[in-house]
Amino acid sequence: MKKSQTRPIDAIYLALIYLFFYLPIAVLIVYSFNNSSYSLVWHGFTTNWYHSLFSDSGLWIAALHSLIIGVLAATFATIIGTLAAVSLYRYRFMGKGLLNGMIFILIVTPDIVMGISLLLLFSILNMPLGFWSLLLAHITFCIPFVVVTVYSRISGMDKNIFEAAKDLGARELTIFTKITVPLLLPAIISGILLCFTLSFDDVMISYFVSGPGFEILPLKIYSMARLGVKPELNALCSVTFILTLLLVVLSQKLTRKES
Amino acid sequence: MKGDNNFRNFSVAIISTWLGIFALFAFLLVLFASFMQPDSNKIFNFHFTLSNYTTLFSSLYVIVFFKSFYIAGACTLFCILLGYPFAYILARKTSRWKDLLLLLLIIPFWTSSLIRSYAMVAILKTKGVLNNFLIHLGIIHHPLQLLFTNTAVMIGLVYNLLPFMILPLYANLEKFDNRLIEAARDLGAGKVRTFTKVILPLSLPGILAGSILVFLPAMTLFYIPDLLGGAKALLLGNLIENQFLLTHNWPLGSAISVTLTAVMGIMLVAHWLSSKNRSGEDFL
Amino acid sequence: MSDKTVVEIKGVSKSFNDQDVLKCIDLTIKHGEFLTLLGPSGCGKTTLLRMISGFEEPTNGDIYIDGKNAKGLPPHERHVHTVFQSYALFPHMTVSDNVAFGLRCNGIPENEVKPRVEEALRMVKLENFGNRKPAQLSGGQQQRVAIARAVVNRPLVLLLDEPLSSLDYRLRKTMQMELRQLQRKLGITFIFVTHDQEEALSMSDRVVVMSEGVITQIGTPRQVYEEPACLSVAKFIGEVNIFETNVSSITDGKITVNIEGMPHTYPNKHNFSVGDKALVLVRPEDVRVYDSNEVTDTSNMYRGIVEDFTYKGTTVDLMVRLDSGKVLATTEFFDEDDDSLVYTLGEKVWLHWVNGWEVILPHEG
């Protein structure tokens, strides 16, 4: 096959779309360092907005809450999702089709439907909205992403490896800890990182299942954004964006390296 | 042997229980609630009724429905028009930059769309970047009112959802066998005919997969119209949000959600039908 | 090889989703023998292997391993180990850890593990490769690690599922020899699955020929080649010319059949009656070809015209059309001093085969 040379017009088109994706974010980051509250004109470099950001204790608490929820949700979702992906790949069991279907539906269902369905569930169960409702919701919407990430990795593996281990006398738990998990490790770590970014950024579902007692960062950003553009918010969004960006890049590196 | 099933049973049980409660049961609750009578003091009144669905067909809601469909449809169309050439060029590229380009495409997929929407506000506002830029170029002389218009909502939606169109399209076109194009050209088909008769039909599942990922969120991402469109732009998402958090009419909100899910189901069936004669490729 | 039975398969059948994959298989495998399951893909040979190893359970019938009914026994409790087609080495472990895996799973103390691993690696001539990862080995070396990993547990039977199919031709030949030698040295029963008849013939003590879920013949390589029990065996193992004919008369326990216009007389092994349909099978290499100037007495020969010839290095294959219209395949071995093996298309030749080298079978169906 001859190597296709990118035509200039194609390259320009790609560049324009990427510009469309990244210019607004770049502008946001640049203006978070602008020494002026409202003007678009450049008034010199400042880190004032970051200073005032870091001295806002309310923000710190919200960020801490988000961090806790993110870490816990990512951990539990990854454990459950990995077990699910391994079971779906390796075992035959009743209701496997249904389970597959549910994971698929969870992925394509609009977030808002998941949000209100969980709100209904928690209300019926008489559960107060706050830490627990948020955690349970976040684990739930993270699970399918772990399943997809881990499953795509395990399905590329040689099925005979598991049979060989079984043949040599390994019990299922040994196979899982000695064979499956080490081989899936890149996918599992990438799953954890992606879950964390999903949880850390989620607005749609958290909006319905969070309570006044437990504020998280994305909802705080949302309520600030509704009031308009502010330099502190520019700074906050820049920090959050860069943080999640790093995690996504890291997780992509992990999945790509060995495939 | 018997004790050896413990691990399997444990993992199947834990995932089944979790999804059974938080996905299946929760979704069924929505369906159930949509047939109950609303009650502003309780979740709902334990009385079967179809009134929530009949209310949906009253003029106010029908207008919101159509407007939502119209905006989401237009957004999907724009995403196809912008995204198809992009995915096509990227899929056929073989340069060493490809990995980086792909990564740059995946990043918006995982990072906060709220923050990106907020960034759009800064671009579009009256004294924002876009207006200044256009005035500077001399294309316009007075700033345009962009923010709080349907145009702004549309721009925001396309901006947020375009990657969701491009990725499935890219996945589809990437797997495309170049020899088919060569064969078509070899058999005498022109460029246009090769595209309309060979490439386009084979990429239809990709287009549909992308459309599902764009169309549904376009109707429901309530914070985009909220930030960019002000109170004027009311999408299905805002309608559901209002039923649940403002007017406290949960059964009606549930009915809207069920209708939305039904739309999703129809699109999934269409996607399934279009990809069924091809090998079972993954959705994403 | 002894007469002791190590695996006994009694009336085993298997179906997947109402599809019969195996139908009532009976097979006795002796201790220390090299047995090959031979057949085209989809004949059920791998399924049979997987039932011996314990990855599948028979739908009906029983499998006895070392005299014990293996029903319900998981793979690792059968004293049977499998070498997979893909080798299935654990990519994240070193060669030594791969080989030690089974020992550790069975709770063998660590001070015993090391010498046994070393011994197994020495056996497959990989004693210096213990610290490598599988990805750093060649295909043939990976194959040997897979064998070492299986034999280190001292199984009664080693099951090999087309273990050579992913190697190239020359390496495959070498590994065939090595496997045969290893099997003699270890004295372990090998059950070897392949679809390659040449491989089966050159390696095995006994060959089990399978077709569409049934065993069509069990015998030594020589038996299945020279005395195929049925047409499908004859067709699968080597090329064969088939003549369809009728028994025209029987005298003194001998039948006379007419082959392409010439009568032949054979012993009546299959209880033919006059008028029965019979098949006469002749291997291409059993057919002799003569130039028209080489022979004087052509009374018992067939006349034909060379339609095609293929030079194959050690042999020359001809397609010869007889006067009757029938096309015969022949194979002649090269003899450097003989220039009579040069043919031209359309050349007239005389064909002949030694009476008694053909196989006579009743007509099937």
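Residues numbered from 1 in each chain as written. Chains lettered and ligands numbered in written order. Predicted model: local features only at pLDDT ≥ 70, side-chain atom pairs only at ≥ 80, totals over all residues.

### A few points about the overall build of chain B
So, point 1. Along chain B, the regular secondary structure elements total 12 helices and 2 strands.
So, point 2. For chain B, the spread of C-alpha atoms along the three principal axes comes to 75 × 65 × 35 Å.
So, point 3. Here chain B, with 284 residues, has 44% of them falling under the buried criterion.
So, point 4. Long-range pairs, those at least 24 residues apart, make up 70% of the contacts in chain B with a sequence separation of at least 6. (Helix = DSSP H or I, 4+ residues; strand = E, 2+ residues; numbered from the N terminus. Buried ≥ 20, exposed ≤ 12 C-beta atoms within 10 Å, placed from the backbone. Contact = placed C-beta atoms within 7 Å.)

### Here we look at the nonpolar core
So, point 1. In this structure, L118, C142 and C195 of chain A are the most contacted members of the largest nonpolar core, which totals 245 residues.
So, point 2. The element contributing the most residues to this core is helix α7 (residues 150-174) of chain B, with 16 residues.
So, point 3. If you count residues domain by domain, this core takes at least three from each of domain 1 (5-235) and domain 2 (240-281) of chain C.
So, point 4. Core analysis: the second largest hydrophobic core is formed by 8 residues, V289, L318, V320 and V349 of chain C among them. (Core = buried A, V, L, I, M, F, W, Y, C linked by C-beta atoms within 7 Å. Domains from an automatic or database assignment.)

### What about the interface of chain A and chain B?
So, point 1. Counting residues at the interface gives 67 residues for chain A and 70 residues for chain B.
So, point 2. It is helix α1 (residues 8-31) of chain A that provides the largest number of residues to the side of chain A that touches chain B, a total of 12 residues.
So, point 3. Residue composition of the side of chain A that touches chain B, grouped by class: 48 nonpolar, 12 polar and 7 charged. (Nonpolar A, V, L, I, M, F, W, Y, C, P; charged D, E, K, R; others polar.)

### Details of the sheet that holds strand β3 (residues 34-38) of chain C
Residue and element names in this part refer to chain C.
So, point 1. Strand order in the open sheet made by the 6 strands is β6-β7-β8-β3-β9-β10, with mixed pairing throughout. Two strands bound the open sheet, and with one partner strand each, they are β6 (80-83) and β10 (214-219). Each strand axis lies, on average, 20° off the axis of its neighbour in the sheet, ignoring direction.
So, point 2. Two strands pair when backbone bridges link them, and β3 and strand β8 (residues 189-194) are joined in this way by 5 bridges, in the parallel orientation. In the sheet register, T36 faces β8, and the bridge partner there is F192.
So, point 3. Contacts from helix α4 (residues 139-151) reach β6 and β7 (157-161) within the one sheet, and its direction differs from that of β6 by about 170°. (Pairing = 2+ DSSP bridges. Axes fitted to C-alpha atoms, helices over the stretch in contact; angles between N-to-C directions.)

### A closer look at unusual backbone geometry
Residue and element names in this part refer to chain C.
So, point 1. In this model, A88 sits at a positive phi of 50°, which is unusual for a non-glycine residue.
So, point 2. Residue position: A88 is located in the loop between β6 and α2 (95-105).
So, point 3. Although it is not a glycine, K125 sits at a positive phi angle of roughly 60°.
So, point 4. Inspection of the secondary structure assignment puts K125 in the loop between α3 (110-123) and α4.

### Focus on the packing of helix α3 (residues 59-92) of chain B against helix α9 (residues 191-220) of chain B
All names here are of chain B.
So, point 1. Relative orientation of the contacting elements α3 and α9 amounts to 140°, with a least axis distance of 9 Å. The orientation of α3 with respect to α9, classified from their angle, is oblique. The element α3 and its partner α9 pack so that their crossing is right-handed. Within the contact between the two elements, α3 uses S68, I71, A72, C75, T76, C79, I80 and G83 and α9 uses I207, G210, S211, V214, F215, A218 and M219.
So, point 2. The residue inventory of the contact of α3 with α9, partitioned by class, reads 10 nonpolar, 5 polar and no charged. (Parallel < 35°, antiparallel > 145°, perpendicular 65-115°, else oblique. Left-handed = near helix turned anticlockwise from the far one by under 90°.)

### Looking at the pairing of strand β1 (residues 5-16) of chain C
Residues and elements named next belong to chain C.
So, point 1. Pairing of β1 with strand β2 (residues 19-30), which is carried by 8 bridges, proceeds in the antiparallel orientation. Opposite V7, over in β2, you have I29 as the bridge partner.
So, point 2. Hairpin connection of β1 to β2: 2 residues between the antiparallel strands, including N17 at a positive phi of 45°.
So, point 3. Bridge analysis of β1 against strand β4 (residues 60-65) gives 5 bridges, and the strand direction is antiparallel. Within β4, the residue paired with I9 across the bridge is I63.

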